[in-house]
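Spelled out from the first residue to the last, the chains are:
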Amino acid sequence: MNISYNWLKDYVSFDLSPKQLADALTSIGLETGGIEEVETIKGGLKGLVIGEVLTCEEHPNSDHLHVTTVDLGTGEPQQIVCGAPNVAAGQKVVVATIGTTLYSGDESFTIKKSKIRGVESNGMICAEDEIGIGSSHEGIIVLPAEAKTGTPANEYYHLESDYVLEVDITPNRIDAASHYGVARDLAAYLMENGHTQFSILRPSVDAFKIDDPSPAVTVEVENTLACPRYTGVTIKNITVKESPEWLKKRLEAIGVRSINNVVDITNYILHETGQPLHAFDLKEIKGNKVIVKTLPDGTPFVTLDGVERKLSDRDLMICNAEGGMCIGGVFGGLDSGVTESTQDIFLESAYFNPTWIRKTARFHGLNTDASFRFERGADPNNTLYVLKRAALLIQEVAGGTVTGEVQDVYPLHLKNPVVELSIQKVSRLVGKKIPAETIESILKSLEIEILEKKEDVWKLSVPTYRVDVTRDVDVIEDILRIYGYNNVEVGEEVKSTLSYQTEVDRSYELQNIISEQLTGTGFNEILNNSLTSGAYYDGLTTFPKEHCVLLRNPLSADLDVMRQTLLFGGLESIEYNRNRKNPDLKFYEFGNTYFHLPERLKDHDYLTAIQEEFRLGFWITGNSVSNSWIHPTEKSSVYELKSYVENSLLRLGITLKKIVYKSFTDDIFAAGLSIETLSGKKLGVLGILQKTICKKFDINAEVYFAELSWDALMKENKIAKVKQTEIAKFPAVRRDLALLLDKNSSFSEIEKIAYQTDKKLLKEVSLFDVYEGKNLPEGKKSYAVSFTLQDEEKTLNDKQIDALMMKIQKTLEEKLGAKLR
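Presented here is a report on the structure given in the accompanying data block.

Scoring rules and cut-offs
Residues numbered from 1 in each chain as written. Predicted model: local features only at pLDDT ≥ 70, side-chain atom pairs only at ≥ 80, totals over all residues. Heavy atoms only, no water. Helix = DSSP H or I, 4+ residues; strand = E, 2+ residues; numbered from the N terminus. Axes fitted to C-alpha atoms, helices over the stretch in contact; angles between N-to-C directions. Parallel < 35°, antiparallel > 145°, perpendicular 65-115°, else oblique. Left-handed = near helix turned anticlockwise from the far one by under 90°. Contact = heavy atoms within 4.5 Å. Nonpolar A, V, L, I, M, F, W, Y, C, P; charged D, E, K, R; others polar. Core = buried A, V, L, I, M, F, W, Y, C linked by side-chain atoms within 4.5 Å. Buried < 20%, exposed > 50% of the residue type's maximum accessible area, 1.4 Å probe, protein only. Disulfide = S-S within 2.5 Å. Pairing = 2+ DSSP bridges. Polar contact = N/O pair within 3.5 Å; in protein donor to acceptor, adjacent residues only side chain to side chain. Phe/Tyr/Trp six-rings, centres within 6.5 Å; stacked < 30°, edge-to-face > 60°.

### Topic: unusual backbone geometry
A positive phi angle is found at Leu45, which is not glycine, with a value near 55°. Here Leu45 lies in the loop between β2 (31–38) and β3 (48–58).

And the structure:
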């Protein structure tokens, strides 16, 4: 945002140089990226001086040129050939001396010593248009007799350069997106940094009055949610013409093109106060009525740029009795603007809901000065003042009479937020004890009112233009930036707890370990946005859309909710890579997921219903081996994914004996396994994704996905104990069973039952073959299962082995109906 150095002085008086001003603004959070000098007249009249024509004679070789001698105040009169018809002895004139550069638009030329028709000329006596102070070329400039010879022309004309500061406004500081807003912060800084008492000058609107009480335009707001306040006034009998020089110079200094006097005033007010305005041509307001409402979805509307756009039923429109005139807060309509033929206008100053404006601007791909401010939050309690200020300036530059009553539709007054501030907390967060009187002074300079002081706690009223200040920490941040970050000294002692490992430290350490392990096996880590599209959750029961955490002011329709799962971000990454001929992929990601659980809502506090969980996701698709001379191409499988998940669990100290798998199918997984502890705590899920899910991302290959609750894994890791044991002295024994079971039975059930049957001698249960097909009864399948037995104190004999195997076999028969083949 461009801020004019001279314009800023209209509101606060200061003696800082442009560089000092830039440093001051940067120190209070308004970072200034650059300073550019803006000359009122190109070249700044450098090299031009006031001279007196001593003699003036006809040129010997010309019937229209004159040879003059001019006193430039140097003691040596200069001979100058001049072609102006009005040049005469005794005149005070403006002279461009040798070496002076004059400008004509983008072109320039330098004055040199020369001979004109054989007579030497040492300069040039100038006309208005030649030096940029006017447009006349009828003759040279003749100054009053009291003009002092030798005075530089820029001093005579009181020419003053302006400086434009490029101020980078952060999204939360929209209150500083104007000259008055910057001046307000600057005044607070100057007061707290040893300068004299400063008061910011706010232009008065006391002169505003209704000139003609005759009925004029009336306003009706149908959608008060999208437009909480709408003010407007009718001004008749104006003259639309070129703007006066002062107005054009103000706007041109900050890079705004002059259009006409009325439009220029609305732009001037925008950059003065930060409040966008719109001036409607009154003859385009059919029925003499402004209606603020939405129009049906798909309604065509031609905007100011001549483009026909299809409206959404969520676009707030400023309408007349017959149809739309303007997309509220975003862009005007083709016929709504002010032209040279306009005689009467209706001036609008409104406050629009930031969410509505942002959605409309994104939907139509429009980014205007108005939408930039409205979508970040204007001041609802400033619209009437700004309306009066603009009306007075329009009357000043265009004439006209204020007709009819001021329209102000404000059904629900938006009050100043109230914040409780602990003085002790200020000292604790800042790191230094700031005197209470200093805090009070800073708050006063920031227009934050102290409603009540109760011991250590102050109750504050925050002005509505500070849309970002809603908590005590926001107020403390404001206090600190005005007090000065550099005024908080670094202590002589540094207290550290480096020897103490917190839960967060332990989690980070284990994340790095798992990351290294997965990266070492060919995975790539991805990092996706926590914001995602709510459309992904349409129709899902596993992740119901009503459990999504909604954004109040989303950047776009594709980023309108917080993610409930890491799944969709990973699928977006897979889609992106597959579209670039990279189909064989293994990804993992650590990230937060978010859930809105209405049943947890307490005391109407929305945040109490939000749950956050940190998770680890795995994605595998394509081939695990391809283009190898030593190994045939091999497709990835869900079993490969399962092995990576199990290896990660083992690395965290969670052995396979501590978990069980339960199969399931839902709208995410075509075949899934739930991973749980023996006590029933859920650690995560893995499986094959439904083709319908993959199709949403144009993925026509199998995708295997796992998602683990990192928070739950950390709890299991904390209770896991690492034990050191010697290598067994006595041999292990392996026995195999070929079991016939129902098709619905899973190996995890066999494994669980076996370990429950014997916890001392049974060391390992593994599956080495599965058969379904011929020679088996209908609805049955065969599992070939290996059991490893070992006694760490003695060698097992056949009797012990047979007895244990019979016990396992009998238990499996009782619980699963398993039979030996």
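And the narrative resumes.
### Topic: the packing of helix α6 (residues 245–253) against helix α7 (residues 261–273)
Axis separation between α6 and α7 bottoms out at 10 Å; the angle between their running directions is 50°. In terms of orientation, α6 and α7 fall into the oblique class. Helix-helix and strand crossings are classified by hand; for α6 and α7 the assignment is left-handed. Contact with α6, carried on its side by Trp246, Leu247, Arg250 and Leu251, involves Asn261, Asp264, Ile265, Asn267 and Tyr268 of α7 and no other residues of that element. In the contact of α6 with α7, the residues fall into five nonpolar, two polar and two charged.

### Observations regarding the nonpolar core
When a protein is soluble and globular, its nonpolar side chains tend to lie buried together. Judged by nonpolar contacts, the single largest core of 77 residues is most densely connected at Phe14, Leu21, Leu25, Leu186, Val262, Ile394 and Ile479. Not counting chain neighbours up to four residues away, the residues in contact with Leu25 comprise Leu30, Glu31, Thr32, Leu165, Val167, Val182 and Leu186. One finds Val217, Tyr230, Ile291 and Met317 within the second-largest nonpolar core, a separate group that totals 34 residues.

### Topic: helix α19 (residues 747–757)
With respect to burial, α19 is a largely interior element, eight of its eleven residues being buried. Of all the residues in α19, the buried ones are Phe747, Ser748, Ile750, Glu751, Ile753, Ala754, Tyr755 and Thr757. Contacts made by the buried residues of α19 are with β35 (659–664), β39 (733–742), β40 (762–771), β41 (780–789) and α20 (798–816).

### Describing the state of the cysteines
Tallied over the full model, the rule gives zero disulfides. Of all cysteine sulfurs in the structure, the one in Cys319 sits closest to Cys326, which takes part in no disulfide; the separation is 9.5 Å. Unpaired in terms of disulfides, Cys694 finds its nearest cysteine sulfur in Cys548, a separation of 19 Å. Residue Cys694 is classed as buried on the basis of its relative accessible area, which comes to 3%.

### Here we look at the sheet that holds strand β1 (residues 2–4)
Judged by pairing direction, the sheet is antiparallel, and its three strands sit side by side in the order β1-β12-β2 without closing on themselves. Edge positions in the open sheet fall to β1 and β2, since each of these has one partner strand only. Pairwise comparison of adjacent strand axes, ignoring direction, gives a mean angle of 30° for this sheet. In terms of strand pairing, β2 meets strand β12 (residues 162–168) through seven bridges, oriented antiparallel. Residue pairing across strands places Glu37 opposite Tyr163, the latter belonging to β12.

### Comments concerning the side chain of Glu613
Position of Glu613 relative to the elements: it lies in strand β32 (residues 610–621). Within the structure, the side chain of Glu613 is placed 2.5 Å from the side chain of Ser709, a separation counted as a polar contact.

### With respect to the sheet that holds strand β29 (residues 549–550)
Here we have three strands laid out as an open sheet, ordered β28-β30-β29, and antiparallel in their pairing. Strands at the two margins of the open sheet, each flanked by one partner only, are β28 (531–532) and β29. As paired elements, β28 and strand β30 (residues 561–562) share two bridges and run antiparallel to each other. By the bridge assignment for β30, Leu531 is matched with Met562.

### Points about the packing of aromatic side chains
A complete count under the given rule lists 20 aromatic pairs for this structure. Residues Tyr588 and Phe590 carry aromatic rings whose centres are separated by 6.3 Å and whose planes lie at 85° to one another, so their mutual orientation is edge-to-face. Across the pair, exposure class does not vary: Tyr588 and Phe590 are buried alike. Their ring planes at 15° and their centres at 6.2 Å tell us that Phe669 and Phe705 sit as a pair that is stacked. Residue Phe669 is found in strand β36 (residues 669–677), and its partner Phe705 is found in strand β38 (residues 703–709); the two are separated by 36 residues along the sequence. For Phe669, a relative accessible area of 3% puts it in the buried group. On the basis of relative accessibility, which here comes to 2%, the residue Phe705 falls in the buried class.

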